[in-house]
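# Coordinate analysis (summary)
Here are the chains, one letter per residue:
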Amino acid sequence: MSNFSDIYQNIPIEALVQQSSDTNELIVKRILGKGEVRNLDDFAALISPLAGGYLEELAYHSNKITKNHFGKTIRLFAPIYLSNECVNICTYCGFSRNNKIPRITIPLEQVVSETRMLANQGFRSLLIVAGEHPKYVSNGYVENCISHCLKIMPSISIELGPLEVENYIPLVKAGCEGLIVYQETYHEDTYKEIHPVGPKKKYSWRMDTPQRAYAAGFRKIGLGALYGLYDWRYEALSVAAHALFMLQHCWKVQLSISVLRLRPSMGNFKPNKNYLMSNRDITQLICAFRMLLPHANIVLSTREPAALRNGLVRLGVTTMSAGSSTEPGAYSNFEESNWSPKQKQPGEQFHIADDRSPREIASMISGQGYEPIWKDFDQSLVTSS
Ligand code: SF4
């Protein structure tokens, strides 16, 4: 199989961005008349500034397609941060190795007790997150965390530094079903500028991680870009191209697309004002992704503010995190009755924007006539067959 990083070199993303800004009403109306898109040319038209004026029609199609494929449901998951130790410098991240924060990797017993706390809140789906450090994998720590947490949480995914296929296989064997890896930015020059030190410098290596994850046996794979690092239409077209590639070449995968905007964090990173993405832009993009990828999960995290998350429940999103902390060990410091920190700790990756408790999020979802889903049944169907 070819690598996506090789194929990507020949996809004219700049030209598609230009095509997007040159889109005319005839093209947009033709696509909206069909109610779906199947290629990057039409996707470029749907994310165009001009199509931003047709948000109601986009929302109508996105809502309809999502209900057809997922019903009126929103899946909930919680991240658990194992460690903020990291060998990389990523200029936009609180865990960047040059930031002066207390570095911790929480012991297995604490990982298990925090997972139990999350289960008590209702979660049955866990995302294990850590900075990039070779020791997590070489000493079997992550594998141990997976196998112990699996006794409490039936569905576990990971978001770690990219690995080789042979390093992924033990994690899959331990019971991990999903892997999330964001390219951050697909724009190579920007990528190199904001990742000056550490293994994350390897742009193509990161880009081909989803294929290695698939080869290792992960059943669920998540892609995305961090919007705000470069032009959002460039990133969106690249994510769309990557998703189409995965569906074609790794067709058994259950694909998810995360739509993430930069959040404030430690360090002196100043987002470029030209690359800011508005609430309207993010809504347009989610609808366009839905029209291109009708079966993909679309994930919206607590990076986004409460009012926007409330509004997007009906517009194409299928999966949300809730009650999240981005600090390793932070849940141990949470009051279980109202799910809020007893005191602030200094080691978070970024500040979340929606700090409502899992119960408040579930009730917001039910209040809109949607069902909050705590447990993904797919894994049990796969293992029992
Ligand atoms: S983004 Fe990931 S790899 Fe980069 S500094 Fe943060 S935790 Fe480390």
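Above: the structure in question.
Basis of the calculations
Residues numbered from 1 in each chain as written. Predicted model: local features only at pLDDT ≥ 70, side-chain atom pairs only at ≥ 80, totals over all residues. Helix = DSSP H or I, 4+ residues; strand = E, 2+ residues; numbered from the N terminus. Rg over C-alpha atoms; globule rule 2.2 N^0.38 Å. Buried ≥ 20, exposed ≤ 12 C-beta atoms within 10 Å, placed from the backbone. Contact = placed C-beta atoms within 7 Å. Near = placed C-beta within 6 Å. Nonpolar A, V, L, I, M, F, W, Y, C, P; charged D, E, K, R; others polar. Pairing = 2+ DSSP bridges. Right-handed = clockwise from strand over helix to strand, strands pointing away. Core = buried A, V, L, I, M, F, W, Y, C linked by C-beta atoms within 7 Å. Axes fitted to C-alpha atoms, helices over the stretch in contact; angles between N-to-C directions. Parallel < 35°, antiparallel > 145°, perpendicular 65-115°, else oblique. Left-handed = near helix turned anticlockwise from the far one by under 90°. Expected span 1.5 Å × (residues − 1).

Another point: the overall build of the chain. Assigned secondary structure in the chain consists of 17 helices and eleven strands. Compactness check: the chain gives a C-alpha radius of gyration of 20 Å against a globular reference of 21 Å for 385 residues, within 12% of the reference. Counting the 385 residues in the chain, one finds 49% classified as buried. For the chain, the proportion of contacts with a sequence separation of at least 24, taken over those separated by at least 6, is 77%.

This part takes up the site of the ligand. Residues in close proximity to the ligand include C86, N88, C90, C93, F95, S96, G131, E132 and K200, which together make up its full environment. Each residue belonging to the shell around the ligand can be placed in one class, and the counts come to four nonpolar, three polar and two charged.

Let us look at the pairing of strand β2 (residues 125–130). In terms of burial, β2 is a largely internal element, six of the six residues being buried. Side chains of β2 alternate between two faces, with S125, L127 and V129 and L126, I128 and A130 buried alike. Where strand β1 (residues 73–83) and β2 come together, five bridges link them in parallel fashion. Residue pairing in the sheet places S83 in a bridge with A130 of β2. Handedness of the crossover joining β1 and β2 through helix α6 (residues 108–120): right-handed.

Quick look at the nonpolar core now. It is characteristic of soluble globular proteins that their nonpolar side chains tend to be buried jointly. Counting residues in hydrophobic clusters, the biggest one holds 110 residues, and the most contacted among them are F43, L46, L126, I128, L237, I257 and A288. With nine residues, helix α13 (residues 232–249) is the single largest residue contributor to this core. Not counting chain neighbours up to four residues away, the residues in contact with L126 comprise F77, A78, I80, T115, L118, C149, M153, S155 and I156.

What follows is about the environment of Q9. Secondary-structure assignment places Q9 in the loop between α1 (4–8) and α2 (13–21). Separated by 166 residues in the primary sequence, Q9 and G175 have C-alpha atoms spaced 35 Å apart.

Here we take up the packing of α2 against α13. What describes two packed helices is the angle between their axes and the distance between those same axes. Their axes nearest at 9 Å, the elements α2 and α13 cross at an angle of 120 degrees. Classified by the angle their axes make, α2 and α13 are oblique. The hand of the α2/α13 crossing is right-handed. Where α2 abuts α13, its residues I13, L16, V17 and S20 lie against R233, Y234, L237 and S238.

Examined against the element boundaries, E188 turns out to sit in helix α10 (residues 188–194). A residue is classified by how many C-beta atoms lie within 10 Å of it, and E188, with 14 of them, is partly exposed. Residues E188 and N120, 68 residues apart in the sequence, show an inter-C-alpha distance of 43 Å.

Packing of helix α5 (residues 55–70) against helix α14 (residues 279–292) brings their axes to within 9 Å, and their N-to-C directions diverge by 45 degrees. Taken as axis vectors, α5 and α14 run oblique relative to one another. Seen from above, α5 lies across α14 with left-handed handedness. Every residue of α14 that contacts α5 at L55, L58, A59, H61, S62, I65 and T66 is listed here: R280, T283, Q284, I286, C287, A288, R290 and M291. A per-class count over the contact of α5 with α14 returns eight nonpolar, five polar and two charged.

Here strand β5 (residues 220–227) lies mainly inside the structure; eight of its eight residues are buried. Going residue by residue along β5, you find K220, G222, G224 and L226 tucked away on one face and I221, L223, A225 and Y227 tucked away on the opposite face as well. In the sheet, β5 pairs with strand β6 (residues 254–261) via eight bridges, with the strands oriented parallel. For L226, the partnering residue across the bridge sits in β6 and is L260.

End to end, α14 covers 20 Å across 14 residues, agreeing with the expected 20 Å (1.5 Å per residue, within 8%). Among the residues making up α14, those that are buried are T283, Q284, L285, I286, C287, A288, F289, R290, M291 and L292. Buried residues along α14 sit in contact with α4 (40–46), α5, α13, β6, β7 (297–300) and α15 (306–312).

The next thing to look at is unusual backbone geometry. Trans peptide bonds make up most of the peptide bonds, and negative phi angles are found at most residues other than glycine. For E184, which is not a glycine, the phi torsion comes out positive at approximately 70 degrees. In this fold, E184 is placed in the loop between β4 (178–180) and α10. In the Ramachandran plot, W339 falls in the positive-phi region, its phi being about 45 degrees despite a non-glycine side chain. Mapped onto the secondary structure, W339 falls in the loop between β9 (334–335) and β10 (340–341).

Note that L262 resides in the loop between β6 and α14. Residues L262 and E56 lie 206 residues apart in sequence; the distance between their C-alpha atoms is 26 Å.

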